[in-house]
Amino acid sequence: MDESPLEQQSQSHEQENEIVTEGSAFVDGEPLSQDGSVPPKVDSQMEVLDEKVSKQIIKEGHGSKPSKYSTCFLHYRAWTKHTQHKFEDTWQEQQPIELVLGKEKKEMTGLAIGVASMKSGERALLHIGWELGYGKDGNFSFPNVPPIADLLYEGKARSDMTVEERIGAADRRKMDGNHLFKEDKLEEAMQQYEMAIAYMGDDFMFQLYGKYQDMALAVKNPCHLNMAACLIKLNRYDEAIGHCNIVLTEEEKNPKALFRRGKAKAELGQMDSAREDFRKAQKYAPDDNAIRRELRAIAEQEKAVYQKQKEMYKGIFGGGRDESGVKAKSRNWLIMLWQWLVSLFSRILGRNRVKAD
């Protein structure tokens, strides 16, 4: 699959203490607990969000809450409630967690309920029961969470995603899609590619120029090409051609887009157009063996069709001559039989006449 390198994300000091939510008006915030080694002490009233999820507001927010299926980028610190063991700190790791509300992983269910309740600019401490966290078995890889552990999350919401964050999120989706593609989970892979492409909408791309445009296209175009690869495997050739056309609008000399469009056209029986795409692809990637194989396959297929047509026409015209020959032989045999019968009848009549005389 197509995997292009992405430039390292640059984050300012203000961006390190925030949860990023796309589709909701979250704003930048203040630093959280001072050193982050233990959970903050919060005296505000406990708000029950779910049987196993409660929230204490550290700082009131304003505006709207994130809607279902909003994509949130979460920077948080997390502890086990009883031992206060810190098992994850995304600021320290400089890697936010991506969360789609309503489509979160099982261990993120409680966290998603908490985030869905947070207004723009709100800081909160979330109390989550083990049933909506890492469960009865816990997690012994990273992050290391013991079994049946209630959890605490400290976090804050902020406004929109930076360009680097948006491109980075799309790139992670693309990588997830690539893993699913290798496992032959094509429908799931396409969902990841579609979500990656959604980050690169027309309004977003229109604002980009220079290196940022190059960074975005280095993620967006491979997602379209990978979508085409999935669709070809699913025999959805017209849709595959559409994704290739999008890439060729940006990069008319992209050999992979030309190759996959040619492959889809060949499957649809559009041999002349497919051959043209393969020849263009070969021009830009002359050493690609896959392109050679496809051109050779088209030539062999056309040769086979020609031979089949030749046999068919031979049967039509040659069969007519054979049929007339059979009819002619049949008529000759009937004439000979008739002549023999006439001759025999004449002889009988002759003998009868002699006897009468």
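Since the structure is predicted, the reported quantities are computational estimates derived from the model, not experimental observations.

Parameters at a glance
Here, residues in each chain are numbered from 1, in the same order as that chain's written sequence. Owing to the predicted nature of the model, reporting of local features is limited to residues with pLDDT of at least 70; listing and counting of side-chain atom pairs is limited to 80 or more, with chain, interface and lining totals taken over all residues. Think of the side-chain values as coming from all heavy atoms in the structure, minus any hydrogens and water. Grouping buried Ala, Val, Leu, Ile, Met, Phe, Trp, Tyr and Cys residues that are joined through side-chain atoms within 4.5 Å yields what is termed a nonpolar core. Each residue is placed in one exposure class: buried if its accessible area under a 1.4 Å probe, protein chains only, is under 20% of its type's maximum, exposed if it is over 50%, and partly exposed if it falls in between. Per the convention used, a helix needs a DSSP run of H or I reaching at least four residues, while a strand needs a run of E reaching at least two, with both numbered from the N terminus. Should any heavy atoms of two residues lie within 4.5 Å, those residues are considered in contact. The span you would expect from a helix comes to 1.5 Å times its residue count less one. Between 30 and 60 degrees the pair is tilted, below 30 it is stacked and above 60 it is edge-to-face, where a pair is any two Phe, Tyr or Trp rings, Trp via its six-membered ring, whose centres lie within 6.5 Å. Confidence of the predictor in every single residue is expressed as pLDDT, which spans 0 to 100. Grid points spaced at 1 Å over the protein atoms alone were grouped into cavities, where a 1.4 Å probe fits but cannot get out, and pockets, open sets with protein on both sides within 12 Å along at least five of seven lines, with lining residues defined by an atom within 4 Å of a point. Grid points are joined across faces, edges and corners, and a volume is the space filled by probe spheres set on the points. Each residue is assigned to one of three groups, with Ala, Val, Leu, Ile, Met, Phe, Trp, Tyr, Cys and Pro labelled nonpolar, Asp, Glu, Lys and Arg labelled charged, and all others, Gly among them, labelled polar.

### Quick word on the nonpolar core
Here is step 1: By size, the foremost hydrophobic cluster in this structure holds 32 residues, and its most contacted members are Ile-167, Phe-181, Tyr-193, Met-200, Met-205 and Cys-230.
Here is step 2: Secondary-structure elements contributing two or more residues to this core are helix H3 (163–182), helix H4 (186–199), helix H5 (202–206), helix H6 (210–233) and helix H7 (237–250).
Here is step 3: The biggest single contributor to this core is H6, with eleven residues.
Here is step 4: In this structure, Phe-87, Met-108, Leu-111 and Ala-112 belong to the second largest nonpolar core, which totals 20 residues.

### A closer look at the side chain of Asp-277
Here is step 1: Secondary-structure assignment places Asp-277 in helix H9 (residues 271–284).
Here is step 2: The exposure class of Asp-277 is buried, given its relative accessible area of 2%.
Here is step 3: Look past the residues within four positions of Asp-277 in its chain and what remains in contact with it is Leu-258, Arg-261, Gly-262 and Lys-265.

### Looking at H3
Here is step 1: Given a rise of 1.5 Å per residue, 20 residues ought to cover 28 Å, and the 29 Å separating the end C-alpha atoms of H3 matches this to within 8%.
Here is step 2: For H3, the tally of buried residues reaches 14 of 20 residues, placing the bulk of the element in the interior.

### Some thoughts on the packing of aromatic side chains
Here is step 1: Throughout the structure, instances matching the rule amount to four aromatic pairs.
Here is step 2: Here Phe-87 and Tyr-134 contribute two aromatic rings whose centre-to-centre distance is 6.0 Å and whose plane-to-plane angle is 85°, an arrangement assigned as edge-to-face. Highlighted residues: Phe-87 in strand S6 (residues 86–89) and Tyr-134 in the loop between strand S8 (123–128) and strand S9 (151–158), separated in sequence by 47 residues.
Here is step 3: Ring geometry for Phe-87 versus Tyr-153: centroids 6.5 Å apart, planes at 85°, classification edge-to-face. Linking Phe-87 in strand S6 with Tyr-153 in strand S9, this pair joins segments that are 66 residues apart in sequence.
Here is step 4: Tyr-153 sits in the buried class, given a relative accessible area of 2%.

### Details of unusual backbone geometry
Here is step 1: Along the chain, Phe-142 connects to Pro-143 via a cis peptide bond; the corresponding omega equals -5°.
Here is step 2: Along the chain, Pro-143 turns up in the loop between S8 and S9.
Here is step 3: For Gln-84, which is not glycine, the phi torsion reads 55° and is therefore positive.
Here is step 4: Positionally, Gln-84 belongs in the loop between strand S5 (76–80) and S6.
Here is step 5: The exposure class of Gln-84 is partly exposed, given its relative accessible area of 41%.
Here is step 6: Look at Asn-235: it is not a glycine, yet its phi comes out positive at around 65°.
Here is step 7: As for its position among the elements, Asn-235 is in the loop between H6 and H7.
Here is step 8: We classify Asn-235 as exposed; its relative accessible area is 52%.

### Notes on the confidence of the model for the protein
Here is step 1: Per-residue pLDDT for the protein has a mean of 80; in total, 78% of the residues score no lower than 70.
Here is step 2: Contacts from residues 4–33, a stretch scored under 50 in pLDDT, to residues over four places away or in other chains number 110 contacts.
Here is step 3: Every residue in residues 352–357 is under pLDDT 50, and counting partners more than four places away or in other chains gives zero contacts.

### With respect to the layout of surface pockets
Here is step 1: Of the pockets and cavities examined, the largest pocket occupies roughly 860 Å³.
Here is step 2: For the lining of the largest pocket, the elements supplying multiple residues, two or more each, are strand S7 (97–100), H3 and H4.
Here is step 3: No other element matches the six residues that H3 contributes to the lining of the largest pocket.
Here is step 4: Taken together, the residues of the lining of the largest pocket break down into eleven nonpolar, three polar and twelve charged.

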